[in-house]
Each structure stands twice: as C-alpha cells, then as structure tokens.
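# What the coordinates show
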Amino acid sequence: MPACFERKGRNLEIIDKVEVLKQALNSARKEGKSIGFVPTMGALHQGHMDLVSRASTECDLVVVSVFVNPTQFNNSADLKHYPRTPEADAELLKKFGCDLAFFPSNTEIYPENWVSPRVDLDGLDLVMEGKFRPGHFKGVVEVVSRLFEIVEPDKAFFGLKDFQQVAVIKKMVEELNLPLEIVACETSRTEKGLAMSSRNKRLSESQKEEALIIFRTLSQAKVDAGKFSPKETTARAIENFETGSLKLEYLTIVNPDTLQELTDNWVPGATMCIACFCGEVRLIDNLTLIPNS
Ligand code: PAF
C-alpha cells in the first residue's frame, strides 16, 4: 500500500454537472489518458487520500466523486448525521493530486429517465451488512453503476474496509460486463489500528480509544486462527470483544468469495467481519485471517 503523498502542481477542477464531466473526460481520453476513479461520499480522510494516491500511480487522470447517496441508507437518522465537509474535501483533493472532483446533485445522479439496473448478486447482498441494512446494497449498486456509466473509468479504487461492498461491486461489474478493473486497496488505519472512516469524525477522543477493541479483537483472532476452528475462533473473538464497551451487531468469519459463514473448515482468504456501535456511531471492520493462496 503506497503511503499517502502530496502531489503538487496539479490543478483541481471542480465539476457539478454530468455533461461537463463527460466532456472533460472525453478530451482526456482523446489525449490517450487512462482514467482512475475513486467514488466517495465525502468527509474525506487519509484513507480516501491513499486511494487517490494509488489511483494516481496507476492512471493518468484521477476523478473523485463526492456524493452522499440517499438510496443506500436504510436509516434516515444515519443519512441525516452523515458528515458533510465539502470545502475541506475540495482542499484535500487539491493537495493530494485529484484532477477532477465531481460534486453532483441528486438530480444529476438520478435523472427522471434513469433506470436502475437489475443485478443478480448471488446472495452476496443478503448477509452481514445486507441483513442488518436491508436495501443498502441495492442503493450501492444503483449509485456505483450510475457513476461508472458517467465516468467510464479504466480502473476504480475501493477500500477493503468495506469488504462486502468490494465483493458486491466486483460481482456487479462481472454481471453487467463492464469494461473496467476494480482495484481493492488495503484498509488504512490510525497508528493504533482504528480503521479510517468518515464516521470516525463523530467519535469523541475517548470513544476512539474504546473503538480500538475492534482491531484488538481482529488481531487476536488472526493468532487464534492458527490453533482453533472458525467456530471456536469466532466464539473467542466475541468473548474478547465483549470485554470492551462497544455494542456488537455481528461478528463472523466468512469465505471471501461467497461471504458465507465458516464454522468447521478454513479456506484461503477467510475473513473476520465485525459491525458494532460505539455510542450512536455504527462502525465496521474486517481482517483476513488466513492468507490468500
Ligand atoms: O464506500 C462508499 O463511500 C460508498 O458506498 C460509495 C462506494 C461511494 C457509493 O456511494
């Protein structure tokens, strides 16, 4: 994972209309430039900048979208409290080498005539986040497919903190036969291990300390995975997690391809996924316990 670095000497262009963005992208394509895309919901942090840095090492032109997509929130309070910091976002994007920043309105993303694609996600959307946030992945598929239709990137970059989202988007790309590469990037963490998330902006300093139980639980599970079955590792992790003050929503070890829970046997890439509440703030995280073969 490349460290986040500042890329000076680039001019950030801020665009809010689909047609203007398409024109800029068409000109870049005519010059033979490859296009890297980082979709975000704003409240940008170092994790996003790591994605932008990675995109800028692999592509000639970097586009970042900032759009809080209402259709992926199943809870209106969550949507209302989702942090929105457009000025600070634009500053960061300027500093870290984004070329085109796209801040669309709802009607630009969802024009009246737009029809959301139907995609068979083969059950990837029904477990974990899908179970606790019904309709969430329908909204993610809706917005990401629309953004891909607008940007037509060569590569799109997503953080693995949203492990299930990456699996869902890869499946969507396969099902819709889209000509682009999904680049899954390692989760960016604070020095103490807290996964970077826009939602962390809503945590107090003491809550940030309390939330470290998440990474401690995941790290201990990685050690346990060498000695115990998935079922035993899960039970030990739940016990470990409950020594802290956070409220667990789910903790499970899944097959990375099917996202089905593992109980008796390990598979390469087996990943522990957690969702929990720290006060009012819902956090998710995950760690691969068994190396990919
Ligand atoms: O991961 C996110 O921030 C969002 O789910 C995404 C991919 C930008 C779609 O709104």
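All of the points below concern the structure found in this document. (Residues numbered from 1 in each chain as written. Predicted model: local features only at pLDDT ≥ 70, side-chain atom pairs only at ≥ 80, totals over all residues. Heavy atoms only, no water.)

## Some remarks on the sheet that holds strand 5 (residues 155-159)
With respect to topology, 6 strands assemble into an open sheet ordered 1-4-3-2-5-6, the strand pairing being parallel. At either end of the open sheet lies a strand with only one pairing partner, and these are strand 1 (13-15) and strand 6 (181-185). Averaged over all pairs of adjacent strands, the angle between their axes in this sheet comes to 25°, without regard to strand direction. Two strands pair when backbone bridges link them, and strand 2 (residues 35-40) and strand 5 are joined in this way by 2 bridges, in the parallel orientation. Across the sheet, the residue bridging to Gly36 is Lys155, located in strand 5. With respect to the sheet, helix 1 (residues 18-30) is in contact with strand 1, strand 2, strand 3 (61-66) and strand 4 (100-102), its orientation differing from that of strand 4 by roughly 155°. (Pairing = 2+ DSSP bridges. Helix = DSSP H or I, 4+ residues; strand = E, 2+ residues; numbered from the N terminus. Axes fitted to C-alpha atoms, helices over the stretch in contact; angles between N-to-C directions. Contact = heavy atoms within 4.5 Å.)

## Details of the sheet that holds strand 7 (residues 247-254)
One key point about sheets: their strands pair by backbone hydrogen bonds, in either a parallel or an antiparallel sense. Ordered by their spatial adjacency, 3 strands build an open sheet running 7-8-9, and the pairing between neighbours is antiparallel. Edge positions in the sheet fall to strand 7 and strand 9 (281-288), since each of these pairs with one other strand and no more. Across this sheet, the average inter-strand angle for adjacent strands is 10°, counted without regard to direction. Across 7 bridges, the pairing between strand 7 and strand 8 (residues 271-278) is antiparallel. Across the sheet, the residue bridging to Val254 is Thr271, located in strand 8.

## Points about the environment of Glu175
Here Glu175 is to be found in helix 8 (residues 163-175). Its relative accessible area of 39% is what places Glu175 among the partly exposed residues. Spatially, the C-alpha atoms of Glu175 and Ser76 are 30 Å apart, while their sequence positions differ by 99 residues. Non-local contacts of Glu175, meaning those with residues more than four positions away in its chain, are made with Val119 and Asp120. (Buried < 20%, exposed > 50% of the residue type's maximum accessible area, 1.4 Å probe, protein only.)

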